[in-house]
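What follows is the residue order along each chain.
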Amino acid sequence: MRVLVTGKNGQLGWELTRLQPDGAELLAFNSSELDITDSDTVSSIINQYQPDVVINAAAYTAVDKAESDQTAAYAVNETGAGNLAKACKAVSAKLIHVSTDFVFGATKNTPYDPADPTDPLGVYGASKLAGEQQVAGILGENSSIVRTAWVYSVHGNNFVKTMLRLMKEKEQLGVVSDQVGTPTSARNLAAALWKLADRMHSGETIQPVYHWSDLGTASWYDFAVAIRDEALLLGLLDKEIPVNPIFSSQYPTPAKRPAYSVLNTAALRNDLNIAGDHWRKALNSMLKELVQ
Ligand SMILES: NC(=O)c1ccc[n+]([C@@H]2O[C@H](COP(=O)([O-])OP(=O)(O)OC[C@H]3O[C@@H](n4cnc5c(N)ncnc54)[C@H](OP(=O)(O)O)[C@@H]3O)[C@@H](O)[C@H]2O)c1
């Protein structure tokens, strides 16, 4: 199986690269080698390398900046996804397109199923949804959309690393407690995507849309407290700074975020035969890696 990965320097792209399975040939590109907004380059690279499966880990992910940078967000998340889908179609490649829990709005307080109605609250979520529609419209059953949430990795920028930095710099922290989701290890996500790629390549049945996160739920506040406590145990922090729950209204951001965006991940875990990790176990593994 020959797999082409976009956005190789992002959290997910990096984890996909380091988890390359035996027997899979990997062609991974960063944003300057393969800018997915450039349709000619996308089509020429995909035509040249003739991958069996493309995993799109490239995205415009600056949720707040997207509110004032709509054109750039849509260029990557919608047009870029469409460029990849068209190029895949031309060479009969399959496409795994990664999307987000932020396609959902404020309608549920139980885990979102892949078929639930979407209702993005901001530009980032809307641009990712537009990308999903491009991919599904162009490739249909030769694509699969995998929505994920609250992603972190030892590589790149994320909530875990920001919290660790702030916990070293500040005397105390206030963290939002009225937004609930599931922290997700990019490493676990990457492992699942490699299995999905294999399944697609083998021609087994797949669903048009899946959800993937680690297991369990947390508010950002719960997540921050767990980061602090685990980091203390591992010696990554030397003082237990107070972490206080605050409301979203006390921490205004340009983009509105869903109060609840837990994803029902059962379908993908069943299809791939992966039991999954509780988010706390996955967090512990990531922090242990930071210690090394
Ligand atoms: N991070 C999260 O919490 C989260 C939550 C839900 C869903 N997701 C989704 O998960 C996927 C992976 O996210 P991530 O956390 O790995 O994101 P990330 O760390 O921000 O990485 C995104 C990568 O995309 C690249 N990129 C941006 N514009 C590009 C372009 N025009 N052409 C090619 N590459 C481009 C970036 O390269 P440069 O650095 O060179 O710009 C970066 O390496 C995305 O689809 C994202 O929407 C993420």
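Please refer to the structure higher up on the page.
To start, this report covers the structure provided alongside it.

Conventions and cut-offs
All residue numbers refer to positions counted from 1 along the written sequence of the respective chain. In keeping with the model being predicted, local features are shown solely for residues with a pLDDT of at least 70 and side-chain atom pairs are shown and tallied solely at 80 or more, while totals for entire chains, interfaces and linings include all residues. Segments assigned H or I by DSSP are reported as helices when at least four residues long, segments assigned E as strands when at least two residues long, and all are numbered from the N terminus. Radius of gyration means the value over C-alpha atoms here, while the globule rule gives 2.2 Å times the residue count to the 0.38 power. Any residue surrounded by 20 or more other C-beta atoms within 10 Å of its C-beta is treated as buried, while 12 or fewer makes it exposed and the intermediate range makes it partly exposed; C-beta atoms here are placed from the backbone. For this entry, the nonpolar core is defined as buried Ala, Val, Leu, Ile, Met, Phe, Trp, Tyr and Cys residues connected by C-beta atoms within 7 Å. By the criterion used throughout, residues are in contact when their C-beta atoms, derived from the backbone, lie within 7 Å. If you view a crossover with the strands going away from you and the path from the first strand over the helix to the second runs clockwise, you call it right-handed. By this definition, two strands are paired if DSSP reports at least two bridges between them. By definition, a residue lies near a molecule or strand when the C-beta atom built from its backbone is within 6 Å of it. The classification used treats Ala, Val, Leu, Ile, Met, Phe, Trp, Tyr, Cys and Pro as nonpolar, Asp, Glu, Lys and Arg as charged, and all other residues, Gly among them, as polar. Lines are fitted to the C-alpha atoms to define the axes, a helix being fitted only along its stretch in contact, and any angle between axes, read from their N-to-C directions, falls within 0 to 180 degrees. If an angle is under 35 degrees, it is roughly parallel; if it is over 145, roughly antiparallel; if it lies from 65 to 115, roughly perpendicular; otherwise it is oblique. A crossing counts as left-handed when the near helix is turned anticlockwise from the far one by less than a right angle, and as right-handed when that turn is clockwise. A helix is expected to span 1.5 Å for every residue after the first.

Counting its secondary structure elements, the protein chain contains 9 helices and 12 strands. For a compact globule of 292 residues, the expected C-alpha radius of gyration is about 19 Å, and the protein chain comes in at 19 Å, within 12% of that figure. With the C-alpha coordinates aligned to their principal axes, the bounding extent of the protein chain is approximately 55 × 40 × 35 Å. Out of the 292 residues in the protein chain, the part that is buried amounts to 46%.

This part is about the nonpolar core. If you look at the biggest cluster of nonpolar residues, it comprises 83 residues, and the most contacted ones within it are V54, I55, L84, C88, L95, L193 and A197. The dominant element in this core, judged by the number of residues it contributes, is helix α6 (residues 186-201), at 9 residues. When neighbours within four sequence positions are excluded, V54 is seen to be in contact with L4, I46, L84, C88, A93 and L95.

Let us now look at the environment of A90. Mapped onto the secondary structure, A90 falls in helix α3 (residues 70-90). A C-alpha to C-alpha distance of 25 Å links A90 and T17, two positions 73 residues apart in sequence. Discounting residues that sit within four places of it in the chain, A90 has contacts with S43 and N47.

In this section: the pairing of strand β1 (residues 2-6). Burial within β1 is extensive, with 4 of its 5 residues counted as buried. Since β1 and strand β2 (residues 25-28) lie parallel, the crossover through helix α1 (residues 11-18) that links them has a hand, and here it is right-handed. Two elements, β1 and strand β3 (residues 53-56), share 4 bridges in a ladder whose sense is parallel. Its bridge partner being in β3, V5 is matched across the sheet by I55.

Taken together, 29 residues lie near the ligand, and G7, G10, S31, A58 and A59 sit nearest. Those elements that place two or more of their residues in the shell around the ligand are α1, α3 and β4 (94-100). Of all the elements, α1 adds the most residues to the shell around the ligand, at 3 residues. Of the residues in the shell around the ligand, the class split is 12 nonpolar, 14 polar and 3 charged.

Strand-to-strand pairing in sheets goes through backbone hydrogen bonds, with the strands running parallel or antiparallel. The strand order across the open sheet built from 6 strands is β2-β1-β3-β4-β5-β10, with neighbouring strands paired in parallel fashion. Looking along the sheet, the strands with just one partner apiece sit at the ends: β2 and β10 (209-211). Shown here is a sheet whose adjacent strand axes are inclined to one another by a mean of 20°, direction ignored. Bridge count for β1 against β2 is 4 bridges, and the pairing is parallel.

Mapped onto the elements of the fold, A62 is located in the loop between β3 and α3. Accessibility expressed as a C-beta count within 10 Å gives 13 for A62, which makes it partly exposed. Separated by 62 residues in sequence, A62 and Y124 have C-alpha atoms that sit 7.6 Å apart.

Attention now goes to unusual backbone geometry. You will see that Q50, though not glycine, has its phi angle at about 45°, which is positive. With respect to the helices and strands, Q50 occurs in the loop between α2 (39-49) and β3. Overall, the presence of 12 C-beta atoms within 10 Å leaves Q50 in the exposed class.

This brings us to the packing of α3 against helix α4 (residues 123-139). Direction vectors running N to C along α3 and α4 enclose 15°, while the axes themselves pass 8 Å from each other. Regarding the angle of α3 to α4, the classification is roughly parallel. Between α3 and α4 lies a crossing whose hand is right-handed. Contacts from Q70, A73, Y74, N77, E78, A81, G82, A85, K86, C88 and K89 in α3 reach V123, Y124, S127, K128, A130, G131, Q134, V135, I138 and L139 in α4. For the contact of α3 with α4, the residue count by class is 11 nonpolar, 6 polar and 4 charged.

Across its 17 residues, α4 extends 24 Å between first and last C-alpha, which sits within 8% of the 24 Å expected from 1.5 Å per residue. Within the span of α4, buried status applies to V123, Y124, G125, A126, S127, K128, L129, G131, E132, Q134, V135 and L139. Where α4 is buried, its residues contact α3, β4 and β5 (143-148). After α4 finishes, the residue G140 shows a positive phi value of roughly 50°.

By themselves, these figures tell us nothing about what the structure is for.
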